[in-house]
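# Summary of the model geometry
If you want the building blocks of each chain, they are given just below.
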Amino acid sequence: MAVLTSIPPPVGEAPAPQRRRRRRERTTMVGLRRSLQRHWTLYLLMTVPLVWFAVFKYIPMANAVLAFKNYNVVRGIWGSPWIGWQNFELFFANPVFWTLVKNTFLLSVYTVAASFPLAIILALALNEVRMGLFKKTVQLVTYAPYFISTVVVVSMTILMLSPRLGLVNDAIGFFGVPAIDFLGNPDYFRHIYVWSDVWQTTGYSAVIYLAALAGVDPALHESAKIDGATRLQRIRHVDLPGIMPTAVIILVLAVGNIMAIGFEKAFLLQNPLNLSESEIIATYVYKTGLLNADFSLATAVGLFNSVINLVLLLAVNTIAKRITGNGLWS
């Protein structure tokens, strides 16, 4: 009975798997070289945002080591002595720790819960409008606030809600209601923040969904009409599934930044009377790091916030991937 044995390669020749790997590598390099030669202008344009991200996003990550050091201005970041987890322990033991986490989390969740569905509803409504002039007018009115500076929006909000000169108090004064100090009452802070943000960003967010709706196959609507589907049924069974991948990605990104809510508006709307609800992690980092010059503690708080955002992003993306089949890396 003959015994089958593998024939060794000739002397000086690499094994077959290694030869295949080398061929693949050569093919990849040749393809990359040809692509660079053909589309070098596109690659040149792409280097600009890549350099921007590297300089302003990735390189500064190395300075996060400051969270584990007792920063000394003379010695610098890398020369300052190591203190391990002391900055994190100080932050966790701070009596305001849970207040900061609670305020940041509730404000972020409220913002996402209010702005996310309203943008979809506005896009669906605009998509069903057939009067061109009316549609363009609504788009302009809802989209324009996005280009208003946050400082201007806050100034407008303060003027409208002023107890003495505000339009809101003038309006409710006609009904005999006494003037209300909206910004001085902590209970109103979250509502003012969220709904001013909704007014400013909903129109812009709706444009993204309108672009997704433009990609829905018109044949699906024609088939639904033939089957006798009403307009609401077509929205539910044709339009919503069509924009679902886009909506899932936007929701995952929004939840991933749920602890990184904007600093500017919260700080500008903040005053000593509503501090119990308006003090969030971002404003605390600003006051600790810049006003109190405690850079190590401020870096530790910011790093803690970033880690929580990363965990939330990965968790929500995994859940969305399992439920809908769509995710950031699908």
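Residues numbered from 1 in each chain as written. Predicted model: local features only at pLDDT ≥ 70, side-chain atom pairs only at ≥ 80, totals over all residues. Heavy atoms only, no water.

Turning next to the overall build of the chain. Looking only at helices and strands, the chain features 15 helices and zero strands. Against the globule reference of 20 Å for 330 residues, the chain gives a C-alpha radius of gyration of 28 Å, more extended than a compact globule. Counting only C-alpha atoms and orienting by the principal axes, one finds that the chain spans roughly 105 × 75 × 45 Å. Sorting the 330 residues of the chain into buried and exposed places 30% on the buried side. Look at the contacts in the chain between residues 6 or more apart in sequence, and 63% of them connect residues 24 or more apart. Accessible surface computed for the chain: about 21,300 Å², of which carbon and sulfur atoms make up 68%. Treating the 27 positive side-chain charges of the chain as one cloud and the 16 negative ones as another, the clouds have centres 15 Å apart. (Helix = DSSP H or I, 4+ residues; strand = E, 2+ residues; numbered from the N terminus. Rg over C-alpha atoms; globule rule 2.2 N^0.38 Å. Buried < 20%, exposed > 50% of the residue type's maximum accessible area, 1.4 Å probe, protein only. Contact = heavy atoms within 4.5 Å. Areas by Shrake-Rupley, 256 points an atom, 1.4 Å probe, with all protein chains shown as cover. Lys, Arg positive; Asp, Glu negative; His and termini not counted. Charge placed at Lys NZ, Arg CZ, Asp CG, Glu CD.)

Take the nonpolar core next. With 17 residues, the main nonpolar core has Ile-120, Ala-123, Leu-124, Tyr-209, Leu-210, Leu-213 and Ile-243 as its most contacted residues. Considering each element in turn, this core owes the most residues, six residues, to helix 5 (residues 97-128). If sequence neighbours within four positions are ignored, Leu-124 has contacts with Leu-213, Ile-235, Asp-239, Leu-240 and Ile-243. Listed in part, the 15 residues of the second largest apolar core include Ala-114, Val-154, Leu-161 and Val-198. (Core = buried A, V, L, I, M, F, W, Y, C linked by side-chain atoms within 4.5 Å.)

This brings us to the confidence of the model for the chain. Counting all residues, the mean pLDDT for the chain is 84, and 94% of those residues have values of 70 or more. Mean pLDDT across the elements of the chain bottoms out in helix 1 (residues 16-38) (77) and peaks in helix 7 (residues 150-160) (91). (pLDDT = per-residue confidence, 0-100.)

Mapped onto the elements of the fold, Ser-276 is located in helix 13 (residues 275-278). Along the sequence, Ser-276 and Arg-20 sit 256 residues apart, while their C-alpha atoms lie 65 Å from each other. The contacts of Ser-276, once residues within four sequence positions are left out, are Thr-99, Asn-103 and Pro-186.

Orientation of helix 9 (residues 186-214) relative to helix 11 (residues 231-256), taken along the N-to-C sense of each, is 140°, at an axis distance of 9 Å. Classified by the angle between their axes, helix 9 and helix 11 sit oblique to one another. Crossing hand, helix 9 versus helix 11: right-handed. Residues Ile-208, Tyr-209, Ala-212 and Leu-213 of helix 9 form the contact with helix 11, whose participating residues are Asp-239, Ile-243, Thr-246, Ala-247 and Ile-250. Here the residues of the contact of helix 9 with helix 11 are counted per class, giving seven nonpolar, one polar and one charged. (Axes fitted to C-alpha atoms, helices over the stretch in contact; angles between N-to-C directions. Parallel < 35°, antiparallel > 145°, perpendicular 65-115°, else oblique. Left-handed = near helix turned anticlockwise from the far one by under 90°. Nonpolar A, V, L, I, M, F, W, Y, C, P; charged D, E, K, R; others polar.)

With respect to the helices and strands, the residue Leu-107 is situated in helix 5. Residues Leu-107 and Leu-312 lie 205 residues apart in sequence; the distance between their C-alpha atoms is 16 Å. With residues up to four places along the chain from it excluded, the contact list for Leu-107 reads Phe-189, Arg-190, Tyr-193, Val-194, Ile-261 and Ile-280.

With that out of the way, let us pick up the packing of helix 4 (residues 86-93) against helix 15 (residues 295-324). Where helix 4 contacts helix 15, the axes come no closer than 9 Å and their chain directions differ by 75°. The angle between helix 4 and helix 15 places the two elements in the roughly perpendicular class. Counting all contacts with helix 4, which are made through Asn-87, Phe-88, Leu-90, Phe-91 and Phe-92, the residues of helix 15 involved are Ser-296, Leu-297, Ala-300, Val-301, Leu-303 and Phe-304. Counted by class, the contact of helix 4 with helix 15 contains nine nonpolar, two polar and no charged residues.

Even without being glycine, Ala-293 reaches a positive phi, approximately 60°. One can find Ala-293 in the loop between helix 14 (281-291) and helix 15.

It is worth spelling out the packing of aromatic side chains at this point. Summed over the entire model, instances satisfying the criterion amount to 23 aromatic pairs. Centroid distance Trp-52 to Phe-56: 5.8 Å. Interplanar angle 40°. Geometry classified as tilted. Of the two residues, Trp-52 and Phe-56 are both situated in helix 2 (residues 40-58); the distance of four residues between them amounts to about one turn of the helix. The class for Trp-52 is partly exposed, based on a relative accessible area of 43%. Aromatic pair Tyr-143 and Tyr-204: ring centres 6.1 Å apart, planes at 25°, arrangement stacked. Remark: Tyr-204 occurs in helix 9 and Tyr-143 occurs in helix 6 (residues 132-143); sequence separation between them is 61 residues. Under the relative-accessibility criterion, Tyr-143 is labelled partly exposed at 28%. (Phe/Tyr/Trp six-rings, centres within 6.5 Å; stacked < 30°, edge-to-face > 60°.)

Turning to helix 14, a few remarks are in order. Turning to helix 14, its buried residues number three or more, namely Ile-281, Thr-283, Tyr-284, Thr-288 and Gly-289. Among the structural elements, helix 4, helix 5, helix 12 (263-269), helix 13 and helix 15 are those in contact with the buried residues of helix 14. Positioned one or two residues after helix 14, Ala-293 has a phi angle of 60°, which is positive.

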